[in-house]
Amino acid sequence: MDFMLTEEQLMLQDMVRKFAKEEIEPVSSDNERNHRYPADIISQLGELGIMGIAYPVEYGGAGMDFVSYMIAVEEISRYCASTGVIVSAHSSLVCDPIFRFGTEEQKQKYLPDLLSGRKIGSFSLTEAGAGSDAGATSTTAVLDGDHWILNGSKIFATNGKEAEVFVLIASTEPSQKTRGVTTFIVDKDSPGYSIGKVEQKLGIRSSSTVEIILDNVRVPKSAMLGELNKGFKVSMVTLDGGRLGIASQALGIARAAIEDSIKYSKERFQFDQPIANFQAIQWMIADMWTEYESARLLTWRASIMKDKGMNYSREAAMAKLKASEVCMFCANKAIQIHGGYGFTEDFKVERYYRDAKITELYEGTSEIQRLVIARTLLK
Ligand SMILES: Cc1cc2nc3c(=O)[nH]c(=O)nc-3n(C[C@H](O)[C@H](O)[C@H](O)COP(=O)(O)OP(=O)(O)OC[C@H]3O[C@@H](n4cnc5c(N)ncnc54)[C@H](O)[C@@H]3O)c2cc1C
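Predicted model only: the values in this text are computed from it and were never measured.

About the cut-offs
- Residues numbered from 1 in each chain as written.
- Predicted model: local features only at pLDDT ≥ 70, side-chain atom pairs only at ≥ 80, totals over all residues.
- Heavy atoms only, no water.
- Helix = DSSP H or I, 4+ residues; strand = E, 2+ residues; numbered from the N terminus.
- Domains from an automatic or database assignment.
- Contact = heavy atoms within 4.5 Å.
- Buried area = accessible area lost by both parts, 1.4 Å probe.
- Near = heavy atom within 4 Å.
- Polar contact = N/O pair within 3.5 Å; in protein donor to acceptor, adjacent residues only side chain to side chain.
- 1 Å grid on protein atoms, 1.4 Å probe; cavity = no way out; pocket = protein on both sides within 12 Å on 5 of 7 lines; lining within 4 Å.
- Sits in = over half its atoms within 2 Å of the grid points.
- Nonpolar A, V, L, I, M, F, W, Y, C, P; charged D, E, K, R; others polar.
- Points joined across faces, edges and corners; volume = space filled by probe spheres on them.
- Pairing = 2+ DSSP bridges.
- Expected span 1.5 Å × (residues − 1).
- Salt bridge = Lys/Arg side-chain N within 4 Å of Asp/Glu carboxyl O.
- Buried < 20%, exposed > 50% of the residue type's maximum accessible area, 1.4 Å probe, protein only.

Peer 1: Pulling in residues and values, what's your account of unusual backbone geometry?
Peer 2: A positive phi is found at F156, a non-glycine position, where the angle reads about 60 degrees. Inspection of the secondary structure assignment puts F156 in strand β3 (residues 147-158).

Peer 1: Can you lay out the domain arrangement of the protein for me, pointing to particular residues and giving the numbers?
Peer 2: Annotation of the protein at the domain level lists domain 1 (7-120), domain 2 (122-230) and domain 3 (232-378). For domain 1 and domain 3, the distance between their C-alpha centroids amounts to 20 Å. Counting from both sides, the interface comprises 27 residues of domain 1 and, opposite them, 34 residues of domain 3. Summed over both partners, the interface of domain 1 with domain 3 comes to about 2600 Å²; 54% of that surface belongs to carbon and sulfur atoms.

Peer 1: Summarise the site of the ligand; cite the residues concerned and give the values.
Peer 2: Surrounding the ligand, one finds 18 residues, the nearest of these being T126, S132, F156, T365 and E367. A distance of 2.8 Å separates a nitrogen atom of the ligand from a polar atom in the backbone of F123. Cavity membership is defined here by more than half of the atoms lying within 2 Å of grid points; on that basis the ligand lies in the largest pocket. Looking at the shell around the ligand, the elements that each hand over two or more residues are β1 (121-124), β3 and α10 (366-378). In terms of residues, the shell around the ligand owes the most to one element, β3, which gives 3 residues. Across the shell around the ligand, the residue classes tally to 8 nonpolar, 7 polar and 3 charged. For the shell around the ligand, the two domains that each supply at least three residues are domain 2 (122-230) and domain 3 (232-378).

Peer 1: I'd like a description of the layout of surface pockets, backed by residues and values.
Peer 2: Taken as a whole, the largest pocket holds about 1300 Å³ of empty space. Taken together, 45 residues line the largest pocket, and the ones lying closest to its centre are G131, L361, Y362, E363 and G364. Both domains that meet at the lining of the largest pocket, namely domain 2 (122-230) and domain 3 (232-378), each give it at least three residues. Taken together, 15 residues form the lining of the second largest pocket, with E25, D260, K263, K348 and Y352 sitting closest to its centre. Of all elements in the fold, only α1 (7-33), α3 (66-79), α6 (231-267) and α9 (349-356) reach the threshold of two or more residues within the lining of the second largest pocket. Here the lining of the second largest pocket takes 5 residues from α6, the largest share from any one element. Of the residues contributing to the lining of the second largest pocket, the split by class is 5 nonpolar, 1 polar and 9 charged. In this structure, the lining of the second largest pocket is formed jointly by two domains, domain 1 (7-120) and domain 3 (232-378), each of which donates at least three residues.

Peer 1: How would you sum up the pairing of strand β2 (residues 140-144)? Please name residues and give values.
Peer 2: As paired elements, β2 and β3 share 5 bridges and run antiparallel to each other. Paired with T140 across the bridge in β3 is N151. Once β2 ends, the chain turns through 2 residues before running back antiparallel as β3, passing G145 with a positive phi of about 65 degrees.

Peer 1: Before we move on, can you summarise helix α7 (residues 279-307) with the specific residues and values?
Peer 2: Taking 1.5 Å as the rise per residue, α7 with 29 residues should run 42 Å; its terminal C-alpha atoms sit 41 Å apart, in good agreement. Two residues or fewer after α7 comes G309, characterised by a positive phi angle close to 80 degrees.

Peer 1: Could you give an account of the pattern of salt bridges, with specific residues and numbers?
Peer 2: Taken as a whole, this structure holds 28 salt bridges when the rule is applied. In this structure, the salt-bridge partner of E32 is R354, at a minimum N-O distance of 2.9 Å. Here the residue E32 occupies a position in helix α1, and R354 occupies one in helix α9, the gap between them amounting to 322 residues. Comparing E32 with R354 shows no difference in burial state: the two are buried. A salt bridge links E227 to K230; the nearest nitrogen and oxygen atoms lie 3.8 Å apart. On the accessibility criterion, E227 (54% relative accessible area) is exposed. Here the salt bridges share partners, and the residues they tie into one network are R17, E74, E75, R78, R255, E259 and D260.

And the structure:
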């Protein structure tokens, strides 16, 4: 397996890194502190082709590979983890299932607007009673002539406040549990659709996380995404790709923590010398970088497997598990290296620490990733 980036991937990395440093970094802390969605940044990312990076040009995508998308999410998350998840949830959890499972009509209807970033997407699997147990969905979809009638509520929908296109899961055969759920595409302006509680969060505060209320929402039969009662499979395949997006977000946060720590350790003097002279600090930095690189190798390997059309479920779970735990480790060490100043809002490591935690929770907690990995090994 070749872990060297191609010339095209390196050019993309350079371009996104430059954009993130020049355009995202100056506004990210203020946006995060004020819970402000980075609308301008998202529209510029759309113009650069980043909102539809790994999808065919014929639908309005940039026609690049999945590895390129992973590189972009890491570079964006290096300066703003909120923007990283906005891009990742939109692309992996909405564009991907529509591209993979949609009819030609659905692709033509939704992808050009989504891939260009003109419209934002949100994915809703989670409910109050259905978190890790995603198949326990109680939202229902009942066929009424040529329409489906959806009732229920979803929680924790990333991008839910800004999104115009929703991919969501509802039970179409309640007695069949995971074999009785179906995926639907719902437009924001559907009558009966509304936003409920907007979450106030520990981190990634520039991205919205909301409750979606479905009160007799009537969608045409053609809103079904994929086959009837095959929605659980659609979700699981979708989450495989999504987990790599979160792994890349985690890598971006981890790299931010390491780079800021290196800079600070050279500037901070104690005992008449930079703290970088102390072996205790050097070892922390060495461990952080080694862990970061090992997580990145797992993430790129799984991404290469996805690009090659191989089954990569276990590899995606391993990448997400490792990258999120490395992310927490690096954010923690970064505060240690910054000492008391790291605990204040004067340094960005405080934000990295708050942002890092979510990577161990969403798109499957670390326990669920271990479950996925163990199941494939023990079967
Ligand atoms: C900021 C944010 C954004 C989110 N974005 C989205 C989104 O866009 N779309 C969406 O659908 N969802 C989203 N989620 C939901 C997220 O994916 C879930 O919160 C997550 O899957 C965990 O579900 P839960 O919170 O119900 O925890 P629970 O499932 O209640 O888990 C609680 C604890 O029990 C453990 N546990 C549960 N089952 C097992 C088991 N079988 N074995 C071992 N341990 C177990 C868990 O690991 C965890 O430690 C988001 C959540 C947050 C906080």
